[in-house]
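Structure at a glance
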Amino acid sequence: MSTNCIPFSSIKNKDLPLVGGKNASLGEMLATLAPLGIKIPDGFAVTAAAFRTFIKENQLKEKLEAELATLDNETLDNLPTIGATCREILSSGKIPKEIEKDIAASFEALRSGNEISVAVRSSATAEDLPTASFAGQHDSFLNIAGLDNLLKAVHRCYISLFNDRAIKYRIDNGFDHMDVALSVGVQQMVRSDKGSAGVIFTIDPETGFQNVIYITAAWGLGENVVQGAVNPDEFFVFKPSLDSQKKSIIYRKLGEKENKMVYAVGSEKPIINVTTSPSERSVFCLSDQDVQTLAEWSFSIEKHYQMAMDIEWAKDGLSGELFIVQARPETVHGKRDAVSIKEYTLKTKATPICKGKAVGRSIASGRACIVQSLADAGKVQKGDIIVADITNPDWNAMLRKAVCIITNKGGRTSHASIVARELGIHAVVGTSDATEKLHDGQVITASCIEGDEGMVYEGKLEWDEKEINVSEVPETRTRPMFILADPQKAFELSFYPNQGVGLLRMEFIITNTIRIHPMALVKYHELSDSNDKKAIEAITHHYTNKKTYFVEKLSESLAMVGAAFYPKEVIVRMSDFKSNEYAQLIGGKIFEPKEENPMLGFRGASRYYNERYREGFGLECEAIRLVRDEMGLTNIKVMIPFCRTVEEGKRVLETMKDFGLERRKNGLEVYVMAEIPSNVILAKEFAEIFDGFSIGSNDLTQLVLGIDRDSAIISDLFDENNEAVKQMLSDVIQTAKKSGVKIGLCGQAPSDYPEFAGFLVAQGIDSVSFTPDALLKGIENISITEQKENFKK
C-alpha cells in the first residue's frame, strides 16, 4: 500500500496523525459502523506524509517559517499580507510525480471505470480534535471530475493550510504552524444536488441538552446549510423514544430554503446556487422515515465515539439513499461543565426592529457595523455588533472584535452560529431583513434572553445580570417545580435545580403557536367565506385535515417540554381560556358566547363536555394521547382547571375516556386545580376521582375573599396571606394528605413572601411551582423554613 494514498476502508481512528481527523473518522465509521447499515461514500486519503513530501521537495519550509516569523501574533495587523505571501509560496510548489501517480491509481480504483465526481476536502492532522474543531478553516471543493481537476483541487487544499483564518486559528489554539500538516480526503459525491443535505448535532447545539438529536435539512448540496446561506428545515428527535422504537420526532419546523446548491452545467464553476421553487419551499425535504434513519445512525455514531458529534449527511436524489459524509466531535458543549447559570432581565420594554433565531443566551448593546465582505474588516471596531447577510470563515479574525453577530440567513448549524458559540458570544441568525433595517453606526441592543427568538432593539437598553452557582442551590424536601408557558425555553430551564413542571399552560401554546380556535378547525368546511377563513387557510394550507394541524402543533410543543424534563413529571393544564380570550383566536368569535363575567362563566371543566367545545377538547386529548402513547413521554400528566363539582369532574373524565385518554391507563395521572371553595370543602370527594391537587392561589384567593383580582380599586385587599385563605389552604392540604394524594401550589406568593412559603412547608405541601424568574428565590424561602428543627431531613 502506498504511503501517499490510503483507501478509507484501510483507515482507523488511530491513523489521525497520518490522515487528519476528518479522514480518520470516515475510515473508522466505514470499518465499524457500515456493518450496522450506516452508509458512508467510499474514497481515499492523500496522506499528511504526501503533504510533507510536497513541502520538502519544493523546499518550502524555510520560506514559510521566515515569513511567519514576521507575523505580529498580538495584533495580527499584518496577517492579510503574511497569509497572502504564504499562499503564494505554496502555489509555487508542484505536486511530486510519485504522489501524482499514487493519486491517479487511487482515483482509478475508486471510479472502477465509471465517470464519477468527487468531493475533495482538507483534513488537517490536528483537525476535529475534541479541543479544536478546525471546521471551515481550510478549503473543500465539490463536484470535481477528472484527474487533472482532482490534482488541482488537492494542490488548492494544500494552499488553504495558510488561509488567514487557519493561521489565526492555529495561533488561538496553540498549534505550531509547521507541526500541522494537511491530508486530503477524496470522496465519491452523493447526488444531493438532486436531493437534500444538512447537518446533525447529537445534542441541542444551543443549550447542550443531551437527550435530543438536532437535524437540519435543505435542498441541494449541504454547503448552503454549513455556510448559513439558507434557513433550513429543523427537526428534534428524542433519544429515549428512539431507543424504545417509539415515535421519536418531537418537533419540526419548516425552513424557507431559499436557494439550493447544484452542479453547474456549461460553467467554469463546478457548483452554483439557484433559487428554489415555491413548491420546494413549502414542503419538508426529508420524510419522517428519513429523519428516523438519520437519527438512528447519528445515535449509533455518538455511542461509538462516546461523545457528542457534529455530523454532515446527504441524500442522493437519484437513488433516494441517505449517506453520512462527515462526523467530528462537537466542540462547544462537549467540553463545557456547566455549574453556573447567568440570568438576564430587561429593565425596559421595547418593540424589536427585527427578529431571528437566538444563538446563545446573552444580551449586548453596541454599534451596528454592516459587513458585506472581508473588504469591510477595516471599519469593524472592538465592541461592534456585526450585521451581515451571512458570515464567511475568512471573517473569523474580524468576528473576534464583535460582541454579537446578526445575519439575514442561516440556522443554528450555520457558520455564524458555530463561530458565535466558540467565541462565547451570542448571535441572532435568519432575521431575513437585518441588513435592510439596520445601518452603520446605529446603536442597538441584541437580546437572546427571550427563548427561541432573538430580538434586535433600537438604542442601548438597560438590563440586570445575575450569575447563579447551581451547586450552591440547596436541596429541599418540598419539590420545587416550574410554571412554564413557552416550550422553546424548556431545554435551557431543564439545567436549573427543579423537580419537573407543576403547571404547563396549554393556552400559551394555542395563542402563540396554533393561533386558531380549535372549533374553527373542527368546523372549517362549515365556515362561511371570511377573512378568518382565509387566514386559517394561509396558516394550514399544508394540511388537508385542519384538525391535524392543531394536534400536530400542540403535541410537538408538549413533547418539547416532556422531553426536556424527562423522566420528571410535567403536568399539563388543559386549556383554561375564558370565553372572551377564546374569542380572540382566529375564527373564535362565532364559537364563543358574550358573557358579562367570563371569569366565572363558560371556562375550564364546564367547556370540555359541552357540545359547544367538546370536539375542540377532543383535539387537546388527542395531542396528549399522541405524546404519551406514541412518543413514549409518559411523564406527561393532565390537570383539569376550574372544576366546580365532583359530578362535573366525573363527566370530564368520561369525556376524556371517549377521546382515548383514560385515567390510570398507561400510568396516566389526572390532577384537578384546587381553586374554587367547593374544591376545598369537598376535597375528600375530589380526591376519590383525581390523582392529586394543584392549588391555584390566585383564583382561590379571589373567590374566598369575593374580590375581582383585575379591579384596581380593591386590589389592596387581594392577599394570599389572609387568614381565611390560609385556612382554606390548610384544609385542602390536610385532606389531600389523609386521602393519600399529592398536592402542590402554583403561584408567585411563595417566592415573594418567605412567611407564606414557610406556612405551606409547615402544612406539609408536596411541591410548589414557580415561574422561572422566581424559582431560585422560592427555593431559598422553602429551604429557610425546612432548616428549622421540625423540617430537617
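Attention in this report is confined to the structure presented alongside it. (Residues numbered from 1 in each chain as written. Predicted model: local features only at pLDDT ≥ 70, side-chain atom pairs only at ≥ 80, totals over all residues. Heavy atoms only, no water.)

1. Side note on the sheet that holds strand β7 (residues 212-219)
What counts, and what does not: Two strands qualify as a pair provided that DSSP identifies no fewer than 2 bridges between them. Only runs of H or I of at least four residues qualify as helices and only runs of E of at least two qualify as strands under DSSP, and these elements are numbered from the N terminus. Axis definition: a line fitted to C-alpha atoms, limited for helices to the stretch in contact. Angles are taken between N-to-C directions and run from 0 to 180 degrees. The contact criterion used throughout is that any non-hydrogen atoms of two residues lie within 4.5 Å.
The 6 strands lie next to each other as β9-β8-β7-β6-β12-β13, forming an open sheet whose pairing is antiparallel. Every other strand in the sheet has two partners, leaving β9 (249-253) and β13 (322-329) as the edge strands with one partner each. Shown here is a sheet whose adjacent strand axes are inclined to one another by a mean of 20 degrees, direction ignored. As defined by bridge partners, strand β6 (residues 196-201) adjoins strand β12 (residues 309-315) across 6 bridges and the pair is classed as antiparallel. In the strand pairing of β12, Ala 197 is matched with Ala 314. Against the sheet, helix α11 (residues 288-305) makes contact with β6, β7, β8 (233-238), β9, β12 and β13, and its axis sits at roughly 35 degrees relative to β13, the strand it touches most. Running over the sheet, helix α19 (residues 546-565) touches β8 and β9 and is turned about 120 degrees from β9.

2. Things to note about the side chain of Arg 252
Cut-off, in case you're wondering: The buried label goes to any residue with under 20% of its type's maximum accessible area, the exposed label to any with over 50%, and the partly exposed label to all in between, with areas taken from a 1.4 Å probe on protein chains only. Any pair of N or O atoms that falls within 3.5 Å is considered a polar contact. Within protein, one atom must be able to donate a hydrogen and the other to accept it, and sequence-neighbouring residues count only if both atoms are side-chain atoms.
Position of Arg 252 among the secondary structure elements: in strand β9. Given a relative accessible area of 8%, Arg 252 falls into the buried group. Within the local environment of Arg 252, its side chain forms a polar contact with the side chain of Asp 288, the two groups lying 2.6 Å apart.

3. Concerning the packing of aromatic side chains
Each pair of aromatic rings is reported with the distance of its centres and the angle of its planes. Filter applied, for reference: Under the pairing criterion, centres of Phe, Tyr and Trp rings, with the six-membered ring standing for Trp, must be within 6.5 Å; the plane angle then separates stacked pairs below 30 degrees from edge-to-face pairs above 60, leaving the rest tilted. Criterion for a charge above a ring: Arg CZ or Lys NZ at most 6 Å from the ring centre, at most 35 degrees from the ring normal.
Following the criterion strictly, the structure yields 16 aromatic pairs and no others. For the ring pair Phe 54 and Tyr 158, a centre distance of 5.0 Å and an interplane angle of 40 degrees mean the geometry is tilted. Here Phe 54, found in helix α2 (residues 48-57), pairs with Tyr 158, found in helix α6 (residues 147-159); they are 104 residues apart in sequence, far enough to count as distant. For Phe 54, a relative accessible area of 0% puts it in the buried group. Through pairs of rings, three or more aromatic residues link up here, namely Phe 209, Tyr 214, Phe 236, Tyr 251 and Phe 491. For the cation-ring pair, Arg 607 lies above Tyr 613, with the distance from its terminal atom to the ring centre recorded as 4.6 Å. Here the guanidinium or amino end of Lys 726 rests over the ring plane of Phe 759, the centre of that ring lying 4.9 Å away.

4. A few points about α19
The following threshold applies: Expected span of a helix, by definition, is 1.5 Å for each gap between consecutive residues, and there is one gap fewer than residues.
Under the 1.5 Å per step criterion, the end-to-end length of α19 is 30 Å for 20 residues, consistent within 8% with the ideal 28 Å. Counting buried positions along α19 gives 16 out of 20 residues, so the element sits mostly inside the fold. With a side-chain oxygen lying 3.0 Å from the backbone nitrogen of Lys 547, the N-terminal cap of α19 falls on Asn 545.

5. What about the pattern of salt bridges?
Filter applied, for reference: Just to be clear on terms, a salt bridge is a Lys or Arg side-chain nitrogen sitting within 4 Å of an Asp or Glu carboxyl oxygen.
A full pass over the atoms with the stated rule returns 50 salt bridges. Taking the shortest distance from any N to any O, the salt bridge between Asp 576 and Arg 603 comes out at 3.1 Å. Taken together, the positions of Asp 576 in the loop between β25 (570-573) and α20 (579-582) and Arg 603 in the loop between α20 and α21 (605-608) put the pair 27 residues apart, joining distant regions of the chain. Judged by its relative accessible area of 5%, Asp 576 is buried. Overlapping salt bridges, with partners in common, bring together Arg 479, Glu 569, Lys 637, Glu 669 and Lys 742 in one network.

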